[in-house]
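Report on the structure
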Amino acid sequence: MNPPYGPVLASIAAEVAPLRGTGAVASYIPELALVPPDRFGMHLRTVEGEDHAVGQSDERFSVQSIAKVFALALAVSLEGETIFRRVGVEPSGTSFNSLVQLEVEKGIPRNPLINAGAMVVCDILLDRLAEPRADLLRFVRRLAGREDVAFNERVAASERENGFRNVALANFLRSFDNLRHDPAEVLDLYFHLCAVEMSCRELATAFLLFANHGTVPATGERVLTQSQTKRLNAVMQTCGFYDEAGEFSFTVGLPGKSGVGGGIVALHPSRYAVAVWSPRLNAKGNSVMGMKALELLTTKLGLSIF
Ligand code: GLU
């Protein structure tokens, strides 16, 4: 018997409501600043396929860094764990776009969920995929079970026009020989990756792969081995929340990933995946209402992985 997820989500929505208006929408990517700031949606899907939702859970938003997990999963499924020779698995302890750390560590990004790490993953995908953008999108669609998941080209263009620091990171990686492709090509895939739009329902569905030990529950298709899935969940647990991964483990206790679009996805192995979206962010770049909602979820259910 599953816990009463529906009533729990309803009570969470009521309890986080007073936080509406707290925090600021990301504005360093101008296109993201246009989003209505006071949205809140949450969708939980169990591995058995039971759905529970509150708020604007079917509205699509820019998933941003959450998509780095999709790129990583695809790269690991194609290349195995040799990718971890080119990118580490340690929490960064610095901002997600730090140049200093990359310099000190000679071009090996700390982990695949910071920007430099995701660029190395994109470089690997450029080696492996015949049509990198289209193939990446096909992969995300397969996990989400939706054929119309797409890139928002305006967001990708806005990132390209304003991503001076990301351009610096890519060139830096190349100078250390940790990119094989032209930095501009890597950045094009990276900016598109970040510009994928999905709803909470679609994200929760896609992340069930990680709750279901590497198999898509709806189709039975195996994408990752059990061991690969365990490793990706470990990377999410330790590196998925910018410089707040410790805080997320401490208060929520689930592996997951956040993005500056205000989305957060988390999962409980063998049980469920849950996505929450609210665009206003705290100082560390995580959704204010999203963090609170997930803390309340594991508290009310009395269940975390710890
Ligand atoms: N596209 C964003 C950047 O590279 C990703 C930010 C994020 O969600 O962490 O700055």
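Each remark here, short or long, concerns the structure printed above.
This section reports on the structure supplied with the text.

Rules behind the numbers
- Residue positions within a chain follow its written sequence, with the count starting from 1.
- Whole-chain, interface and lining totals are the exception, using all residues; otherwise, since this is a predicted model, local features are given only for residues with pLDDT of at least 70 and side-chain atom pairs are given and counted only at 80 or more.
- As a rule here, side-chain values cover all heavy atoms of the structure and leave hydrogens and water aside.
- Secondary structure is summarised from DSSP: a helix means a run of H or I of at least four residues, a strand means a run of E of at least two, and numbering begins at the N terminus for each.
- All radius of gyration figures rest on C-alpha atoms, and the globule criterion is 2.2 Å times the number of residues raised to 0.38.
- Three labels apply to residues, based on accessible area from a 1.4 Å probe with only protein chains included: buried if under 20% of the type maximum, exposed if over 50%, partly exposed otherwise in between.
- Note on contacts: a residue pair qualifies if any of its non-hydrogen atoms lie within 4.5 Å across the two residues.
- Charged residues are defined here as Lys and Arg on the positive side and Asp and Glu on the negative side; His and the ends of the chain fall outside this count.
- In plain terms, the charge of a residue is placed at NZ if it is Lys, CZ if Arg, CG if Asp and CD if Glu.
- Here a residue counts as near a molecule or strand whenever at least one of its heavy atoms sits within 4 Å of it.
- Polar contacts, as used here, are pairs of N or O atoms within 3.5 Å; protein pairs need one atom able to donate a hydrogen and one able to accept it. Residues neighboring in sequence count only if both atoms are side-chain atoms.
- Cavity: a set of points on a 1 Å grid over the protein atoms alone where a 1.4 Å probe fits but cannot get out. Pocket: an open set with protein on both sides within 12 Å along at least five of seven lines, its lining residues, like those of a cavity, having an atom within 4 Å of a point.
- Should more than half of a molecule's atoms lie within 2 Å of a pocket's or cavity's grid points, that molecule is taken to sit in it.
- Under the convention adopted here, Pro, Cys and the residues Ala, Val, Leu, Ile, Met, Phe, Trp and Tyr are nonpolar, Asp, Glu, Lys and Arg are charged, and Gly plus all remaining residues are polar.
- A pair of strands is labelled paired if DSSP reports no fewer than 2 bridges between them.
- Angles run from 0 to 180 degrees between N-to-C directions of axes, and those axes are lines fitted to C-alpha atoms, restricted for helices to the stretch in contact.

Moving on, we get to the overall build of the protein chain. For the protein chain, the count of helices and strands is twelve helices and eight strands. In terms of overall dimensions, the protein chain is globule-like: its C-alpha atoms have a radius of gyration of 18 Å, near the 19 Å expected for 306 residues. In terms of overall dimensions, the protein chain has a C-alpha envelope of 55 × 40 × 35 Å along the principal axes. For the protein chain, buried positions account for 57% of its 306 residues. In the protein chain, the proportion of contacts linking residues at least 24 apart, taken out of those at least 6 apart, comes to 69%. Side-chain charges in the protein chain split into 30 positive and 33 negative, and the spacing between the mean points of these groups amounts to 3 Å.

Residues in contact with the ligand amount to 13 residues; listed here are only the nearest, Tyr-28, Ser-65, Glu-159, Tyr-190 and Tyr-242. Contacts to the ligand include Tyr-28, whose side-chain N or O atom sits 2.7 Å from an oxygen atom. Between Asn-166 and the ligand, the recorded distance is 2.8 Å, taken from a side-chain N or O atom to an oxygen atom. For the ligand, the cavity whose grid points lie within 2 Å of the majority of its atoms is the second largest cavity. Of the residues belonging to the shell around the ligand, the class tally is seven nonpolar, five polar and one charged.

Before going further, it helps to examine the sheet that holds strand 3 (residues 61-62). Read from one edge of the open sheet, three strands run 3-5-4, paired in antiparallel fashion. The open sheet has two edge strands, strand 3 and strand 4 (150-151), and neither has a second partner. Looking at chain direction, strand 3 and strand 5 (residues 196-198) are connected through two bridges and run antiparallel. Pairing of Ser-62 across the sheet is with Glu-197, part of strand 5. In the packing of helix 8 (residues 183-194) onto the sheet, the strands contacted are strand 3, strand 4 and strand 5, and the crossing angle to strand 5 comes to about 15 degrees. Strands in contact with helix 9 (residues 200-211) are strand 3 and strand 5; relative to strand 5, the strand with the most contacts, it is inclined by about 100 degrees.

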